[in-house]
Amino acid sequence: MEEQWIKSVGIDVGTSTTKMIVSRLRLGRMSSTFSLPRFQIVERQLLYASPVYTTPLIGFDEIDAERIGAILKDEYQKAGISLSEIKSGAVIITGETASKKNAQHIVHLLAERSGDFVVATAGADLEGVLAGKGAGAQKRSQAIAGNVVNVDIGGGTANAVFFYRGKAIATVTFHVGGRLIRLDERGAVSYVSPNITSWLTAKGLSVRAGETATYAQLQEIALQMSRSMLDYLSGRERQISGLLVSGQQMQEVIPVEEFSISGGVGALMHADPVRDLTEVSRYGDFGPMLGQMLQQVRERETYPFRWIEPEQTVRATVIGAGMQSTEISGSTVHIKPELLPIKNLPILKLELAREEWENPVRLHQEATSVYELGLRLFGSSTAIPFALALSGIGYCSYALLQRIAQELADAYKRYFSESKTMVVICETDMAKALGQALFLRCKGAPEIICIDQVRVEYGDYIDLGEPISGTIIPVVVKTLAFDERA
Amino acid sequence: MEQQLDVLVDRVVAELQKKLAEMGKQTPVQAEPALVMQESEDLIDTAEAEPERTAHVPHPKWEAGLQELLESTPARIGVWRTGVRPLTRTMLQLRRDHAAAVDAVYGEVDQALLDEFSLFTVETQYDNTENYLKRPDMGRILNEEGVRLLQERCQMRPQVQIVVSDGLSASAIDANLRDVLPSLLDSLQSYGLSCGTPFFVKGGRVASMDHIGELLEPEVLVLLIGERPGLVTAHSMSAYMCYRPRKGIVESERTVISNIHAKGTSPIEAGAHIGTILSKMLEQKASGVKLVL
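Residues numbered from 1 in each chain as written. Chains lettered and ligands numbered in written order. Predicted model: local features only at pLDDT ≥ 70, side-chain atom pairs only at ≥ 80, totals over all residues.

Chemist: Looking at this structure, I do not really get the overall build of chain B. What am I missing?
Modeler: Across its full length, chain B holds 10 helices and 6 strands. Long-range pairs, those at least 24 residues apart, make up 70% of the contacts in chain B between residues at least 6 apart in sequence. (Helix = DSSP H or I, 4+ residues; strand = E, 2+ residues; numbered from the N terminus. Contact = placed C-beta atoms within 7 Å.)

Here it is as C-alpha cells:
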C-alpha cells in the first residue's frame, strides 16, 4: 500500500452554534521500500462544511440531543457520505455547553449517530488547541519560527492557545463570549453569566438580569472585557483580568509575536458597526458589541504583538476537530484488530533516564510504582485501566527489551489480573518488538496492544481507531497537559 | 633555461614568505581566538570512542535551530572551517570513519558471537579478501567443503532458513546480530513458523542465497548480511529475503530491509518486522516486487 485517503469528521456543538465538516486525510508512505514502513498524514482536504446552525436547546440550559441528531443526519446526506466511511474525527462540545447537564448524553448519542469513529469530548484546553490549528496559528508559528497566539471566542468561552514553532506550549480559557450577557432589542437583559460577576465588580461595572442596559453601558463592558483579556495574554495586568480566567491561571508571561482571534466573535470583528441596541442584540446577546470593541482595541491601542487574520473564524474549532485532531501511529505495531477501536484511555507514563532503564533494580521499582499508581487511580477491572507510555529508552537492545517486557508483563499480571487487554505506547520505533515480547510472555492473557511514535503526556487521554490497511492506527490524543487539575 | 626559472620561482617564494612573516608580526591576526582554541582541543578529543555529534560553528545565530538540523541528518554539517579548509577535528573524524570502513571490510566476525547462536561456518569460493573484492561471482558459490557441511548438518526443506554472512562488513554482524536475530526468532515463534538450521557464511555475497536455496530448498530464506560500509556508519546490516531461492532468480524477486543499525532502522524492530514479511511471503508464495506488503 503506497497511499490511502481516510475520511474524517468534525462536529462542534457550541454554546450558541453547531456545525460540522467532512474532510479527507491522505496517508502517504514516508519511508523507502528498503526501510520499515512508515506512514504519515501528508495532506488534509476539506470536503464539506455545513452551514452554521443555532444550537438547539430545550429550555435554557439543556441541549436538544434529538434535534442535533436530526441536523447531523441531514448534513451527512448533503455531504454524500455514509457513516461506515468515516474512519476518524472528533466531536467537540465546547464552551459552557460542555458543563450543561446533558453533555454526556449528547456525546453518546453523537457517537452512535456519527459513525463508529473516534470521539473526543473536549476539555477547554483541547478545544483551544484544535481551534488554533483550525485558524492556522500552528502553521504560522512554524513559518515565523516563533510564538503565535490564537484566541477562539465563541458564545460561552474564549480559548487561547500559545504555539511556539508548531508546538502548543500553553493554553488558557477565559469567561469571555457573546452569550455571557443576553438581551433583547430594547436592551432588557435576560441573563448575565455568574462567571463574570466578580470581574464586573472588580472593574466597577454593573449589569444584571431584569435590568435594561444602555448602549454605552454594554460598550464599556465589552471594551473592558477585550482589554482585560489582552492584558492577561500579554502579561500587562493579571490581578483583575485573572478573574475572567476559567480553571488554571497561566504561571508565566510568554512573549507573543503574532496574535489572531477566531470563533464567532472573531468573525464579528469585521461585521458592520452596530449603532444602536437593535443592532447590538441581533443574536439576542452582546456578541456583536464584543466583536466591535475588539476591533476598536486592535485599531487604536498598542499591545506588544502583531495582529494577524486567522484562516478560519467561526469554523476554526470544527475544522481543527475534523482535520487536525487525528495522528497516526508508527506502522510496525503489535495489535489485535478486533479489539479496536478503544476510546478514552487515560495515560500513565513510565519516564526514566537511559541509565535507569538499564538498571534492573531501578526498573523493577519504577514499574511497580507506576502500576501501583494505576491501581490507585483507576482500580482493577476487566476493562483496560490505562495506556502505559514508555519514554526515555533511546536505543533498545534485545537484552533490555526482554527485561522491560518481563517487568511490565509480571507487574501487569500481578496488579491487573482481571484485565483482558494491556495497552503500551512507546516513544521510539520499537512497538512490534516489544509487543511480541509481551505477547510471548502473556499468551493472550492479557492481549497486547503496543503502538509507537505517538507523543503523549501524563494526564492525556487517547483514542485508538480501527486499523487502516492492517497496521496503521489513527490516534486522537486528547491533551489535558496544560491543565494541572487533571 | 628551466633551471633558471626554478631558481627565480624559489627566490620569489622565499621573498613572499619573508614579507608575509613580517606582516604577521606587524598586525597580529585577530581572527577568532575561539577557533585557535578549538584546534588545540581537537587533538585531545578525537581519541574518544564515539564523539558526540556537535556543530563547530563558533557563535551560531540560532543554536537550537542548528542543533535540530544536526539531529535531522547524519551528514557532516555545521563543521565550520579554517580558511577555506575543514578543521583538523573534522579531517581526523573523516579519516577515522574511513579507517573504520576499511576495517569493517577486512575484519572478521567474532567467533564467540557465532558460538553464542550456535552458528557453524561455511565458506564461499572467495579464497581471500582481496580476491573477494575483485571477484563478486566467487562469493556467490559455496566451496566444496561448505556444500558438504550443509548437506551433513542442515535440516532439508525447512519452512524458514536463516543465514548470516559477513558480506562487506564483519563489524555489522558484530554490532547487530545480538539484537536482530533473537527478535527475528521470537517473531517466527509468535507466527508459529518453523526454522531450519541457521549457519554463517564467510565471504558471502547476496546471491549466495541462490546456491544455498538449491542445496537446502527452503520455502523462504533470509540472509542477514553486512552492508558495504560508508562514512556514516560501518555497522549497517541488511536482511535479504526470498521465496524459494534458486539459481537464476532475478534481483527483483528479493525483498530487502536495509540500513539496520543503532542509528538507522531499529535492529529489534527490524527483526520483528522480518518475521512479518516472511509470513506474508509464505502466505502469498512470492517475494520482491510481486509481494504485497
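Still more ground to cover, so stick around.
Chemist: Quick question: what am I supposed to make of unusual backbone geometry here?
Modeler: In terms of backbone geometry, most residues other than glycine have negative phi values and most peptide bonds are trans. A cis geometry characterises the amide bond from Leu340(A) onward to Pro341(A), with omega recorded as 5°. Within the fold, Pro341(A) resides in the loop between strand E16 (326–328) and strand E17 (342–351). In this structure, the amide linkage connecting Ala445(A) to the following residue, Pro446(A), adopts the cis form with an omega of 0°. Along the chain, Pro446(A) falls in the loop between helix H14 (431–442) and strand E20 (447–452). For Ser118(B), which is not a glycine, the phi torsion comes out positive at approximately 50°. According to the C-beta neighbour criterion, Ser118(B) is exposed, with 9 such atoms within 10 Å. (Buried ≥ 20, exposed ≤ 12 C-beta atoms within 10 Å, placed from the backbone.)

Chemist: Would you mind showing me how to read the packing of helix H8 (residues 170–191) of chain B against helix H10 (residues 267–284) of chain B here?
Modeler: Each pair of packed helices gets described by two things: the angle between the helix axes and the distance between those axes. All names here are of chain B. The geometry of H8 relative to H10 is characterised by a closest axis approach of 7 Å and an angle of 35° between their N-to-C directions. Considering the relative orientation of H8 and H10, their crossing is right-handed. Facing H8, whose interface residues are Asn176, Asp179, Val180, Leu181, Ser183, Leu184, Ser187, Leu188 and Tyr191, H10 presents Pro267, Ile268, Ala270, Gly271, Ala272, Ile274, Gly275, Thr276 and Ser279. Taken together, the residues of the contact of H8 with H10 sort by class into 10 nonpolar, 7 polar and 1 charged. (Axes fitted to C-alpha atoms, helices over the stretch in contact; angles between N-to-C directions. Left-handed = near helix turned anticlockwise from the far one by under 90°. Nonpolar A, V, L, I, M, F, W, Y, C, P; charged D, E, K, R; others polar.)

Chemist: Hey, could you run me through the sheet that holds strand E13 (residues 245–246) of chain A in this one?
Modeler: Hydrogen bonds along the backbone pair up the strands of a sheet, which may run parallel or antiparallel. All names here are of chain A. Sheet architecture is open: 6 strands sit in the order E13-E10-E9-E8-E14-E15, paired in mixed fashion. Two strands bound the open sheet, and with one partner strand each, they are E13 and strand E15 (306–307). Strand direction decides the pairing type here: strand E8 (residues 147–153) and strand E9 (residues 158–164), joined by 7 bridges, are antiparallel. Looking at E9, one finds that valine 151 is bridged to alanine 160. (Pairing = 2+ DSSP bridges.)

Chemist: For this particular structure, what's the right way to read the sheet that holds E20(A)?
Modeler: All names here are of chain A. Spatially, the 7 strands line up as an open sheet ordered E16-E22-E21-E17-E18-E19-E20, and their pairing is mixed. Edge strands, defined here as strands with exactly one partner in the open sheet, are E16 and E20. Averaged over neighbouring strand pairs, the angle between their axes works out to 35° when direction is ignored. The sheet contact formed by E17 and strand E21 (residues 461–464) spans 3 bridges and is antiparallel. Residue pairing for E21: isoleucine 342 is matched across the bridge by leucine 464. Relative to E20, H14 is tilted by about 165°, and along the sheet it contacts strand E19 (421–426) and E20.

Chemist: Sorry if this is basic, but what is going on with the UniProt feature "binding site: adenosylcob(III)alamin" (unreviewed entry) in chain B here?
Modeler: Residue and element names in this part refer to chain B. According to UniProt, the feature "binding site: adenosylcob(III)alamin" (unreviewed entry) maps to Val206 and Glu227 in the numbering used here. The greatest C-alpha distance among the annotated residues, which extend across 22 residues, is 9.8 Å, indicating that they converge on a single site. Along the polypeptide, valine 206 turns up in the loop between strand E3 (199–202) and helix H9 (208–216). Valine 206 gets classed as partly exposed once you count the C-beta atoms within 10 Å, which come to 19. Those residues in contact with valine 206, other than ones at most four positions away along the chain, are Leu223, Ile225 and Tyr240. Position of glutamate 227 relative to the elements: it lies in the loop between strand E4 (220–226) and strand E5 (237–243). Given 21 C-beta atoms within 10 Å, glutamate 227 falls into the buried group. Apart from residues no more than four positions distant in its own chain, glutamate 227 is found in contact with Gly167, Leu168, Ser169, Ala172, Ser236, Met237, Ser238 and Ser258. (UniProt positions renumbered as here; feature names shortened; annotations may be inferred.)

Chemist: For this particular structure, what's the right way to read the environment of Pro474(A)?
Modeler: Residue and element names in this part refer to chain A. Of note, proline 474 is situated in strand E22 (residues 474–478). Here proline 474 falls in the buried class, since 27 other C-beta atoms lie within 10 Å of it. When the C-alpha atoms of proline 474 and lysine 87 are compared, they prove to be 8.0 Å apart, with 387 residues separating the residues in sequence.

Chemist: How do you make sense of the interface of chain A and chain B when you look at a structure like this?
Modeler: It is common to report an interface's size as the accessible area lost on association of the parts. Between chain A and chain B, the residue contacts involve 18 residues of the former and 22 residues of the latter. Mapped onto the side of chain A that touches chain B, the elements with two or more residues apiece are helix H13 (398–415) and H14 of chain A. Top contributing element to the side of chain A that touches chain B by residue count: H14(A), with 6 residues. Of the residues that constitute the side of chain A that touches chain B, the class distribution is 12 nonpolar, 4 polar and 2 charged.

Chemist: I tried to follow H9(B) on my own but got confused; where do I start?
Modeler: Side chains that are three or four residues apart share a direction in an α-helix, a result of its 3.6 residues per turn. All names here are of chain B. Burial runs high along H9: 7 of the 9 residues are buried. On its buried side, H9 packs onto helix H7 (144–153), strand E2 (160–165), E3, E4 and E5. Positive backbone phi, approximately 50°, marks glutamate 217, located one or two places after H9.

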